[in-house]
Amino acid sequence: MPLLLAGFGTSFTMPSATVAAMEAAPPEVRGAASGAFNAARQSGSAIGVALFGTLAAASASSAFCAGMRLSALIAAGCFVTGAVLAAVSGPAAGTARPGRSSP
C-alpha cells in the first residue's frame, strides 16, 4: 500500500514541480531549464533506485523487510530535507520576479 501511495503522490507532484521550474526560468532559457530539470529528475530517479535497491539487497541476508524499512526511512528523510530546503529557499508566494508583473 505505501508504494501505491508513493506512486500516486509522485504522479500528482511532478506536473506541479515541472511548472514551477519552468515559471522560475526566464523565457529565453526555458528550453535549457526544461532539459536540465528532466535530466536531473531522471538521474535522481536512477540513483535513488540503485541506492535503495542496494540497501534492500544488502540486508536481504538478515531480512528483506528490514532493508526495505531502512530504504523507506532514508527516502522519507530525503523528502523532508528537500521540502524544508524548498520552503526556506523558495520565493514567497505572490512575490513578483524582476521583469515580470505580478497578477
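Here the structure is shown first, and the text comes after it.
On a predicted model such as this, the values are computed, not experimentally measured, just so you know.

A. Seen up close, the overall build of the chain. Within the chain, the regular secondary structure consists of three helices and zero strands. Sorting the 103 residues of the chain into buried and exposed places 8% on the buried side. Of the roughly 7,600 Å² of accessible surface on the chain, a fraction of 74% belongs to carbon and sulfur atoms.

B. Representation of a nonpolar patch on the surface in the model. Together, Phe79, Val80, Val84 and Val88 give the surface a local cluster of nonpolar side chains, amounting to about 430 Å² of exposed area. Structurally, Val80 can be placed in helix H3 (residues 64-89).

Cut-offs and rules
Residues numbered from 1 in each chain as written. Predicted model: local features only at pLDDT ≥ 70, side-chain atom pairs only at ≥ 80, totals over all residues. Heavy atoms only, no water. Helix = DSSP H or I, 4+ residues; strand = E, 2+ residues; numbered from the N terminus. Buried < 20%, exposed > 50% of the residue type's maximum accessible area, 1.4 Å probe, protein only. Areas by Shrake-Rupley, 256 points an atom, 1.4 Å probe, with all protein chains shown as cover. Patch = residues over 30% accessible without salt bridge, like charges linked within 9 Å, V, L, I, M, F, W, Y side chains within 5 Å. Salt bridge = Lys/Arg side-chain N within 4 Å of Asp/Glu carboxyl O.

Everything listed here is a matter of geometry and, on its own, says nothing about what the molecule does.
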